[in-house]
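Chain by chain, the residues:
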Amino acid sequence: MDFYKRVEYVCRQIPCGRAATYGQIALLCGMPTHSRQVGYALNKRLNSPEIPAHRVVNHRGYLSGSASFTFPHTQESLLKKEGVPVTPEHTIDLKKYGWHHTLDDAVRFRAYFTAHNI
């Protein structure tokens, strides 16, 4: 299993205008206790403009990934461009703007991981 490839694939599935949590990504990757590893992957291993890392926040909706970007307010700016309001406390409303994946999504991801041996 290549956890980093799984993280990359799942992150690419987060819809524009939505955000997911580190724990949610870890769960969908089949490793529910690896939320910190998701953060590491996005910060160090998968630092690419093609991966929408700005759509990943902590479990309270806090924009905790700003250190991963060249400028501190990049994550906030990118989310706002997608129509996600950010509070002065640097949080988003996950109930309204969170990615509410389905069981079908999880099954599809599992099938993709199996088919691609990741």
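Let me sum up the structure you'll find in this document. What you see is a predicted model; the values in this text were computed from it and never measured.

### Here's the deal with unusual backbone geometry
Of note, the phi angle at H90 is positive, near 65 degrees, even though the residue is not glycine. Within the secondary structure layout, H90 lies in the loop between α4 (74–81) and α5 (94–97). When its relative accessible area of 28% is taken as the criterion, H90 is described as partly exposed. Not every positive phi belongs to a glycine, and N117 is a case in point at roughly 55 degrees.

### Overview of the pattern of salt bridges
Summed over the entire model, instances satisfying the criterion amount to 4 salt bridges. A salt bridge links E8 to R12; its shortest N-O distance comes to 2.8 Å. Of this pair, E8 and R12 both sit in helix α1 (residues 3–12), separated by 4 residues, roughly a single helical turn.

### Re the environment of V57
Position of V57 relative to the elements: it lies in strand β2 (residues 56–57). Between the C-alpha atoms of V57 and I92, which are 35 residues apart in sequence, the distance is 8.5 Å. In this structure, V57 is in contact with A19, A20, T21, Y22, Y62, L63, Q75, I92 and L94, ignoring residues within four places of it in sequence.

### What to know about helix α6 (residues 103–115)
For α6, spanning 13 residues, the distance from its first C-alpha to its last is 18 Å, which sits close to the expected 18 Å at 1.5 Å a residue. By the burial criterion, the buried members of α6 are D105, F109 and F113. Angular distribution of buried residues about the axis of α6 spans 70 degrees; they occupy a single face of the element. Exposed residues lying more than 90 degrees from the buried face of α6 are L103, D104, V107, R110, T114 and A115. Lining the buried residues of α6 we find α1 and α2 (22–28).

### Re the state of the cysteines
Here, the word disulfide means a covalent bond between the sulfur atoms of two cysteines. Per the stated rule, a full pass over the model turns up 0 disulfides. The thiol of C11 is not disulfide-bonded; the next cysteine sulfur, from C29, is found 7.1 Å away. C11 sits in the buried class, given a relative accessible area of 0%.

### Re the layout of surface pockets
Each pocket or cavity is described by its volume, and for the second largest pocket that value is around 170 Å³. As for the second largest pocket, its lining consists of T21, Y22, G23, S35, R36, G39, Y40, V57, N58 and H59. Every element with two or more residues in the lining of the second largest pocket is listed here: α2 and α3 (35–45). It is α3 that contributes the most residues to the lining of the second largest pocket, 4 residues altogether. Tallied by class, the residues present in the lining of the second largest pocket amount to 3 nonpolar, 6 polar and 1 charged.

### So, the environment of G17
Relative to the helices and strands, G17 resides in the loop between α1 and β1 (20–21). Residue G17 is classed as buried on the basis of its relative accessible area of 12%. Taking C-alpha positions, G17 is 5.8 Å from G83, a pair spaced 66 residues apart along the chain. Sequence-distant contacts of G17, that is, excluding residues within four places in its chain, are made with E82, V84 and Y97.

Conventions used here
- Residues numbered from 1 in each chain as written.
- Predicted model: local features only at pLDDT ≥ 70, side-chain atom pairs only at ≥ 80, totals over all residues.
- Heavy atoms only, no water.
- Helix = DSSP H or I, 4+ residues; strand = E, 2+ residues; numbered from the N terminus.
- Buried < 20%, exposed > 50% of the residue type's maximum accessible area, 1.4 Å probe, protein only.
- Salt bridge = Lys/Arg side-chain N within 4 Å of Asp/Glu carboxyl O.
- Contact = heavy atoms within 4.5 Å.
- Expected span 1.5 Å × (residues − 1).
- Arc of directions from axis to C-beta.
- Disulfide = S-S within 2.5 Å.
- 1 Å grid on protein atoms, 1.4 Å probe; cavity = no way out; pocket = protein on both sides within 12 Å on 5 of 7 lines; lining within 4 Å.
- Points joined across faces, edges and corners; volume = space filled by probe spheres on them.
- Nonpolar A, V, L, I, M, F, W, Y, C, P; charged D, E, K, R; others polar.

The analysis is restricted to geometry; functional conclusions fall outside its scope.
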